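# Fold and contact review
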Amino acid sequence: GRLRLWRMGLSIVPLPKRIKSRKHARKVTSEYHRITERLHHTTSSDERAKCAAELQAIGGVDAYQQASQFNTALHSTSRWVARRLRAHGVLAAGKPPPRVLEIGAINTQLLDTPGLHVRALDLNSQDARIEQRDFLTLPLGGALEASGASRPYDALVCSMVLNCVPDARRRFDMLVCMRGQLRVGGLCFVVLPGSCLSHSHTLTHDSFADCLRGVGLAPDLAAETPASAKLAYFECAAGLPDPAAALRFQRARHERRSGHGSQPPRRKSRGADFDVDLGGALGFGERIGRSFEALQPSRAQKEQRAARAEFLRQLKEEKLNGEKGEG
């Protein structure tokens, strides 16, 4: 087939190499995210064609899925999730299997975990048991049962997915939808590349924790998590959104964005652009403004500043007049 293409005068893209090392896997995932982010933001047909060619050259979504599977084999989220569900008594002998929703499932590790009733979703399913679907299109409230009623999930797993969403606003929408799928007290497990928080121009580990609280996913920062220098783990309990935490997050984000220009340049990292545009409807009737607004000075503060400026002006004028008189 490739010889036939060559004889027809068509270009041949070399087949991508099979991923056999962590270094190769990281390179593929980084390149994939970089290209898809450009693709998401461009409106140029030439640039879109260039991005499509670059994606094909690295092997496209199939190579990305293969690289992700290679990485997750080294850092098993499923074992951590099962361990924490047992610690909470949710996964236990004699109890009904907990209902778990996994978004961005790139393997069947969680599906294969004994004692769990898992519904796994992915935009590009690589297995017949993984439902190919956009998570954001799911109706809120959990899965529909035969009776027509919605039944929220006991747990939700979002591992290395939020960082793949190319838009800060859609990341906020995803967090709100994640909370909307869980019962009160349900558990949400979020995993991110550590660089998304340590290198971000707008977020920190603490402010992202406030972001989670803001949408009703309160992280237990004392919970046991796998030891990893590369990944950040959050175990959250589903409750009501916290507008105060959401406002703290907005303020911290505003201050980080305002001060970014005065910071010394540092080595570019994919995590530098990780951001969440939190604001508007937090869910369950809670709302805050779309963006942080710095407090305006009061009338008394304005008058005090004007009086000080006038005093300094008069002082400068008297000094100049005194120097002229001496001359």
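Here we summarise the structure given alongside this text. None of these values were measured; they are calculated from a predicted model.

Cut-offs and rules
Residues numbered from 1 in each chain as written. Predicted model: local features only at pLDDT ≥ 70, side-chain atom pairs only at ≥ 80, totals over all residues. Heavy atoms only, no water. Patch = residues over 30% accessible without salt bridge, like charges linked within 9 Å, V, L, I, M, F, W, Y side chains within 5 Å. Areas by Shrake-Rupley, 256 points an atom, 1.4 Å probe, with all protein chains shown as cover. Salt bridge = Lys/Arg side-chain N within 4 Å of Asp/Glu carboxyl O. Helix = DSSP H or I, 4+ residues; strand = E, 2+ residues; numbered from the N terminus. Pairing = 2+ DSSP bridges. Axes fitted to C-alpha atoms, helices over the stretch in contact; angles between N-to-C directions. Left-handed = near helix turned anticlockwise from the far one by under 90°. Contact = heavy atoms within 4.5 Å. Nonpolar A, V, L, I, M, F, W, Y, C, P; charged D, E, K, R; others polar. Disulfide = S-S within 2.5 Å. Phe/Tyr/Trp six-rings, centres within 6.5 Å; stacked < 30°, edge-to-face > 60°. Buried < 20%, exposed > 50% of the residue type's maximum accessible area, 1.4 Å probe, protein only.

### Topic: a nonpolar patch on the surface
A contiguous nonpolar patch, built from Phe311, Leu312 and Leu315 and spanning about 290 Å² of accessible area, is present on the exposed surface. Note on placement: Leu312 falls in helix 10 (residues 299–326).

### Quick notes on the sheet that holds strand 7 (residues 182–193)
Pairing within the open sheet is mixed, and its seven strands lie in the order 3-2-1-6-7-9-8. The sheet is open, and its two borders are formed by strand 3 (131–132) and strand 8 (217–219), each paired with just one other strand. Relative to strand 2 (residues 117–122), strand 1 (residues 99–103) runs parallel, the two being bridged by five bridges. Along strand 2, the bridge assignment pairs Leu101 with Arg119.

### Some details on the packing of helix 8 (residues 205–214) against helix 9 (residues 243–259)
As a packed pair, helix 8 and helix 9 sit with axes 7 Å apart at the nearest point and diverge in direction by 145°. The interaxial crossing formed by helix 8 with helix 9 has left-handed handedness. Taken together, the residues of helix 9 that come into contact with helix 8 (itself represented by Ser207, Asp210, Cys211, Arg213 and Gly214) are Ala245, Ala246, Arg248, Phe249 and Ala252. Residues belonging to the contact of helix 8 with helix 9 are distributed by class as follows: five nonpolar, two polar and three charged.

### Some points on the state of the cysteines
Per the stated rule, a full pass over the model turns up zero disulfides. Cys188 provides the cysteine sulfur closest to Cys236, a residue in no disulfide bond, and the two sulfurs are 5.3 Å apart.

### Notes on the packing of aromatic side chains
A complete count under the given rule lists four aromatic pairs for this structure. For the pair Trp80 and Tyr233, a centre-to-centre distance of 5.0 Å together with 75° between the ring planes defines the contact as edge-to-face. Of this pair, Trp80 sits in helix 5 (residues 77–87) while Tyr233 sits in strand 9 (residues 231–238), and the two are 153 residues apart along the sequence. Here Trp80 falls in the buried class, since its relative accessible area comes to 0%. The class of Tyr233 is buried, set by a relative accessible area of 11%. When the ring of Phe208 is compared with that of Phe234, the centres are 5.2 Å apart and the planes differ by 70°; the resulting orientation is edge-to-face. Taken together, the positions of Phe208 in helix 8 and Phe234 in strand 9 put the pair 26 residues apart, joining distant regions of the chain. Per residue, the accessibility class of Phe208 equals that of Phe234, and both read buried. A connected cluster of aromatic rings, assembled from ring pairs, spans Trp80, Phe189 and Tyr233.

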